[in-house]
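# Residue-level structural notes
So the chains spell out like this:
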Amino acid sequence: FYKQNTSQYMSDEERNIKYILIDKRDFISTFMPTENEILDYYNNNSTLFIESEKRSFLQFNFKTLNEAQEFKKTIKNISSYKEVVSYANSENIKYNTFDKLNKDEVIEEISQSLFTLSLNEQSEIIKTALAHHIIILIDIFSEKKLSFNEAKDNIIKIISENDVNNFLIDLENQ
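Residues numbered from 1 in each chain as written. Predicted model: local features only at pLDDT ≥ 70, side-chain atom pairs only at ≥ 80, totals over all residues. Heavy atoms only, no water.

### Some thoughts on the nonpolar core
Put simply, the test is: Nonpolar cores are built from buried Ala, Val, Leu, Ile, Met, Phe, Trp, Tyr and Cys residues. Side-chain atoms within 4.5 Å join them into one set. Working definition: with a 1.4 Å probe on protein chains only, accessible area under 20% of the residue-type maximum means buried, over 50% means exposed, and in between means partly exposed. Note on conventions: DSSP H or I runs of at least 4 residues are helices, E runs of at least 2 residues are strands, and numbering of each starts at the N terminus.
With 13 residues, the main nonpolar core has Leu-58, Phe-60, Phe-62, Phe-71, Ile-75, Val-84 and Ile-136 as its most contacted residues. Elements that contribute at least two residues to this core include exactly strand S2 (54-62), helix H2 (65-75), helix H3 (81-90) and strand S5 (132-141). Counting residues in each nonpolar core, the second largest holds 10 residues, with Leu-101, Val-106, Leu-117 and Ile-126 among its members.

Right, here's the structure in full:
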């Protein structure tokens, strides 16, 4: 339409644009929740503050099944992870130590075995796309509900960000 009718216009098409750049971080302090709002949020959303079971473990990685089998045969009768670490260090066998990981933070093949082990128990050889693994459970941290004080800072952040987002949406819609 415009191109067909350009001869009828007195001047070229122009547009004026105005905008405001708003950083929501500038408003966070304005939307600090009260102690009662924080407590209500904690009580009404208690399932959000359950920390799942976590486990600490050693992980030995081997390129071949044969290497993993030889290592497993050697450590099979060692009852303490500390003794296995001592043996691995003396033989210059590398391993990784993982601390307080939940099921979702470990690849599935390892997670399935890890969360069935007892303290100091050694897994069978676990084959993944990356390697052959043997894991030894060091510690178990049971599922727990975070106390109000442990969750408080996170709740303040959640409520403040939500209130700022709502404020900006209302501002945009005016």
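### Re the sheet that holds strand S3 (residues 96-101)
We count it as follows: Between any two strands, at least two bridges found by DSSP are needed for them to pair. Two residues form a contact once any of their heavy atoms are found within 4.5 Å. Lines fitted to the C-alpha atoms define the axes, with helices restricted to the stretch that makes contact. Angles between their N-to-C directions range from 0 to 180 degrees.
Overall, antiparallel pairing links the four strands, which are arranged S3-S2-S5-S4 in an open sheet. Because the sheet does not close on itself, it has two edges, and the strands there are S3 and strand S4 (126-127). Contacts between H2 and the sheet are confined to S2 and S5, with S5 contributing the most and set at about 45 degrees to the helix. This element, H3, spans S2 and S5 of the sheet and lies at about 30 degrees to S2.

### What about the pattern of salt bridges?
Keep this limit in mind: Note on definitions: salt bridges are taken to be side-chain nitrogens of Lys or Arg within 4 Å of carboxyl oxygens of Asp or Glu.
The tally for this structure, following the rule as stated, stands at five salt bridges. Close ionic contact of Arg-55 with Glu-53 constitutes a salt bridge, the shortest N to O distance being 2.6 Å. The salt bridge partner of Glu-70 is Lys-73, with a shortest N-O separation of 3.5 Å. Of this pair, Glu-70 and Lys-73 both sit in helix H2, three residues apart, which is roughly one turn of the helix. Overall, the relative accessible area of 41% leaves Glu-70 in the partly exposed class. Assessed through its relative accessible area of 57%, Lys-73 is described here as exposed.

### Side note on H2
Three or four residues apart is the spacing at which side chains of an α-helix point the same way, because the helix has 3.6 residues per turn. Quick note on the threshold: Here the arc refers to the directions that run from the helix axis out to each C-beta atom.
Among the residues of H2, Ala-68, Phe-71, Lys-72 and Ile-75 are the ones counted as buried. Viewed along the axis of H2, the buried residues span an arc of 100 degrees, placing them on a single side of the element. Where the residues of H2 are buried, they touch S2, H3 and S5.

### Comments concerning the environment of Lys-82
Assignment of secondary structure puts Lys-82 in helix H3. Since its relative accessible area comes to 56%, Lys-82 is described here as exposed. Taking the C-alpha atoms as reference points, Lys-82 and Asn-173, separated by 91 residues in sequence, lie 63 Å from one another.

### Quick look at a nonpolar patch on the surface
For clarity, the cut-off: Patches draw on residues past 30% relative accessible area with no salt bridge. Two like charges within 9 Å are joined, as are two nonpolar side chains (Val, Leu, Ile, Met, Phe, Trp, Tyr) within 5 Å. Where accessible areas are quoted, they stem from the Shrake-Rupley method and a 1.4 Å probe; at the residue level, only the protein chains shown are allowed to cover.
A contiguous nonpolar patch, built from Ile-17, Tyr-19 and Leu-21 and spanning about 490 Å² of accessible area, is present on the exposed surface. Of the residues examined, Ile-17 reaches a relative accessible area of 72% and is grouped as exposed.

### With respect to the packing of aromatic side chains
Applied cut-off: Each aromatic pair joins two rings of Phe, Tyr and Trp (for Trp, the six-membered one) with centres within 6.5 Å, and gets the label stacked for planes under 30 degrees apart, edge-to-face for over 60, and tilted for any other angle. Think of it as a cone above the ring: NZ of Lys or CZ of Arg counts as a charge over the ring if it is within 6 Å of the ring centre and within 35 degrees of the ring normal.
Summed over all chains, the structure comprises 10 aromatic pairs. On the basis of an interplanar angle of 45 degrees and a centroid distance of 5.4 Å, the ring pair of Phe-27 and Phe-167 is categorised as tilted. A residue pair is termed long-range when its members are at least 10 positions apart, and Phe-27 in the segment before helix H1 (35-44) and Phe-167 in helix H5 (residues 148-172) qualify at 140 residues. A residue is classified by how much of its surface remains accessible, and Phe-167, at 30% relative accessible area, is partly exposed. Clustering of aromatic rings is evident, with ring pairs tying together Phe-60, Phe-62, Phe-71, Tyr-87 and Tyr-95. One Lys or Arg, Lys-100, reaches over the ring of Phe-141 and ends 4.8 Å from the middle of that ring.

### Details of the packing of H1 against H5
Selection criterion: Angle categories are assigned with fixed cut-offs, so that under 35 degrees is roughly parallel, over 145 is roughly antiparallel, 65 to 115 is roughly perpendicular, and the rest are oblique.
One way to put it is that H1 packs onto H5 with a least axis distance of 9 Å and a crossing angle of 105 degrees. The angle between H1 and H5 places the two elements in the roughly perpendicular class. Side by side, H1 and H5 meet where Glu-35, Glu-37, Ile-38, Leu-39, Tyr-41 and Tyr-42 of the first sit next to Phe-148, Ala-151, Lys-152, Ile-155, Ile-156, Ile-158 and Ile-159 of the second.

Function cannot be inferred from these measures alone, as they are strictly geometric.
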